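Coordinates in review
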Amino acid sequence: MEYKYIKNIKIWYAIILFLLYMLICFIMPTIINGEFNNKNTDVKNENELVFNNKIKLLLKESNTVVEIDLEDYIKGVLIGEMPVTYEIEALKAQAVVARTYTLFKIRNATKHEFDADMCDDINCCQAYKTKEYALASWDDSGENEKWAKLESAVTSTSGETITYNGELINAFFHANSGGKTENIKYLWSKAEVPYLISVDGKEKEFRQETKTFSKEEFKNLINSLVHNYNNNSTITILDYTESGRVNTLNIDGIIIEASTLRNLTGIKSTNFKIEESGDAILFHTVGYGHGVGMSQDGANQMALEGNDYISIIKHYYTGVEVQKNIY
Ligand SMILES: [Zn+2]
């Protein structure tokens with residue numbers, strides 16, 4: 001009996017040692033690794049949420065922030081930025097351009113107020129409109145087909161962005177170049193950006209406009225820069241950029257950049273001629289927008305001529321690639 005008891009103790013001792021051995025060698029590492037793996041998964045998901053999924057959008061009119069799926073946001077940008085009647089390959093190019101522009105801005109620009117990534121002000125970020133707005137503004141029997149077309153431009157290019165040397169590009173775009181796109185060095189960057197050089201705008205028609213100001217109106221618009229402008233003041237164009245746009249002007253002895261004048265006066269382009277007639281100053285502009293990057297009218301014309309969205313993108317952004325899911 002005593003011997004059997006001792007033998008039982010030995011057996012139990014062996015079982016406990018065996019269980020401890022199993023716990024230390026197999027179960028603990030599994031638990032620890034499991035925790036690490038869970039942490040790694042969480043981090044990955046966090047990154048995906050920032051760059052791959054939701055963005056915080058500031059709606060300027062209501063001064064509120066909405067959180068929105070990136071791909072749904074791109075549909076809203078398309079509604080606001082390109083007519084749905086444009087060719088499908090032009091709409092697809094615009095979707096990839098808008099997605100790239102958005103992700104570049106999220107990564108490189110400072111946040112808006114309320115911690116928002118983007119806003120719906122075209123002078124700051126890019127336009128954004130809701131599906132409800134689109135259907136109401138189209139308001140015709142073809143509205144469902146139009147929505148399906150716009151939606152397919154986004155879903156068929158889902159996750160695609162433009163890169164230069166593997167990095168996201170700053171994908172500027174504009175409505176109509178008036179002949180040649182602008183090299184960005186004449187605008188904000190003041191330095192060469194290899195993929196934003198001047199290329200053929202490809203438009204079939206150039207948008208032309210004449211904007212007329214009385215000298216009093218003009219004086220008020222430029223007052224912040226040219227303080228003594230009067231009826232006898234002179235405006236002289238000093239030089240042009242390589243695309244043929246006005247670069248700098250001398251107004252009453254003050255040298256200002258044409259892009260600054262465009263911002264102050266709201267003229268459509270820096271490709272202009274000036275006409276002074278009595279009390280009036282007339283600006284005859286060709287093209288619409290800053291002229292950098294993709295021309296939307298040119299993209300539509302290229303699509304009409306049989307080019308796909310990748311060819312369109314590669315034309316306007318020199319030396320780039322279109323890549324999927326790299327951000
Ligand atoms: Zn903004």
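Residues numbered from 1 in each chain as written. Predicted model: local features only at pLDDT ≥ 70, side-chain atom pairs only at ≥ 80, totals over all residues.

A count of helical and extended segments in the chain gives nine helices and 14 strands. Per-residue burial over the chain gives 35% buried out of 327 residues. Summarising the internal contacts of the chain: among those between residues at least 6 apart in sequence, 67% fall at separations of at least 24. (Helix = DSSP H or I, 4+ residues; strand = E, 2+ residues; numbered from the N terminus. Buried ≥ 20, exposed ≤ 12 C-beta atoms within 10 Å, placed from the backbone. Contact = placed C-beta atoms within 7 Å.)

Within the largest apolar cluster, 50 residues are counted, with the highest numbers of intra-cluster contacts made by L78, A93, V97, I312 and I313. Residue assignment for this core shows that the elements contributing at least two residues are β1 (54-59), α2 (70-81), α3 (88-108), β3 (118-119), α5 (143-155), α8 (296-304) and α9 (309-316). Ranked by the residues each element gives to this core, the list is headed by α3, at nine residues. Among residues more than four places away in sequence, those in contact with I313 are A93, V96, V97, I162, V320 and V322. V246, A258, F272 and F283 belong to the second-largest nonpolar core, a separate cluster that totals six residues. (Core = buried A, V, L, I, M, F, W, Y, C linked by C-beta atoms within 7 Å.)

Further remarks concern the sheet that holds strand β11 (residues 272-277). Spatially, β7-β12-β11 is the arrangement adopted by the three strands of the open sheet, whose pairing is antiparallel. Looking at the sheet topology across the chains shown, the edges are occupied by β7 (208-214) and β11. Strand-to-strand, the axes of this sheet are offset by a mean angle of 20 degrees, without reference to chain direction. Relative to β7, helix α6 (residues 215-222) is tilted by about 95 degrees, and along the sheet it contacts β7 and β12 (280-286). (Pairing = 2+ DSSP bridges. Axes fitted to C-alpha atoms, helices over the stretch in contact; angles between N-to-C directions.)

Here we take up the sheet that holds β1. Taken in spatial order, the three strands line up as β2-β1-β3 in an open sheet, and their pairing is mixed. Where the open sheet ends on each side, the last strands, each with one partner, are β2 (64-69) and β3. As defined by bridge partners, β1 adjoins β2 across six bridges and the pair is classed as antiparallel. Counted as the bridge partner of I55 is I68 from β2. Along the sheet face, α2 touches β1 and β2 and points at about 110 degrees away from the line of β2.

Viewed as axis vectors pointing N to C, α3 and α5 meet at an angle of 50 degrees, and their least axial separation amounts to 8 Å. Compared by their axis directions, α3 and α5 come out oblique. Of the two possible hands of crossing, α3 and α5 adopt the one that is right-handed. Across the interface between the two elements, I88, L91, K92 and A95 of α3 pack against K149, L150, A153 and V154 of α5. Per-class residue counts for the contact of α3 with α5 are six nonpolar, no polar and two charged. (Parallel < 35°, antiparallel > 145°, perpendicular 65-115°, else oblique. Left-handed = near helix turned anticlockwise from the far one by under 90°. Nonpolar A, V, L, I, M, F, W, Y, C, P; charged D, E, K, R; others polar.)

For D117, the position within the fold is in the loop between α3 and β3. Take D117: there are 24 C-beta atoms within 10 Å of it, and that puts it in the buried class. Along the sequence, D117 and I55 sit 62 residues apart, while their C-alpha atoms lie 6.2 Å from each other. Beyond its immediate sequence surroundings of up to four residues, D117 is in contact with I55, K56, I106 and K111.

Contact pair α3 / α9: the axes reach a minimum separation of 8 Å and the direction vectors enclose 55 degrees. Relative to α9, α3 is oriented oblique. The handedness of the crossing between α3 and α9 is right-handed. Touching E89, A90, K92, A93, V96 and V97 of α3 are Y309, I312 and I313, all from α9.

Buried within helix α7 (residues 258-265) are the following residues: A258, S259, L261 and R262. For α7, the angular spread of the buried residues around the axis is 160 degrees, confining them to a single face. Turning to α7, the residues buried within the fold contact β9 (246-251) and β10 (254-257). One or two positions beyond α7, positive phi appears at G266, with a value near 75 degrees. (Arc of directions from axis to C-beta.)

This part takes up the pairing of strand β8 (residues 235-240). In terms of burial, β8 is largely open, as just zero of its six residues are buried. Here β8 pairs with β9 via five bridges, running antiparallel. Directly across from D239, in β9, lies its bridge partner T248. Linking two consecutive strands that pair antiparallel, namely β8 and β9, is a turn of five residues; a positive phi of about 95 degrees is found at G244 within it.

By the secondary structure assignment, V199 is in the loop between β6 (173-174) and β7. Taking the number of C-beta atoms within 10 Å as the measure of exposure, V199 has 20 and is therefore buried. V199 sits 95 residues away from M294 along the chain, and the two C-alpha atoms are 9.6 Å apart. Setting aside residues no more than four positions away along its own chain, V199 makes contact with T181, H315, Y316 and T318.

Per-chain confidence: the chain averages 87 in pLDDT, with 84% of residues scoring 70 or above. Low pLDDT, under 50, characterises residues 29-50; the stretch is placed with two contacts to residues that sit more than four places away or in other chains. (pLDDT = per-residue confidence, 0-100.)

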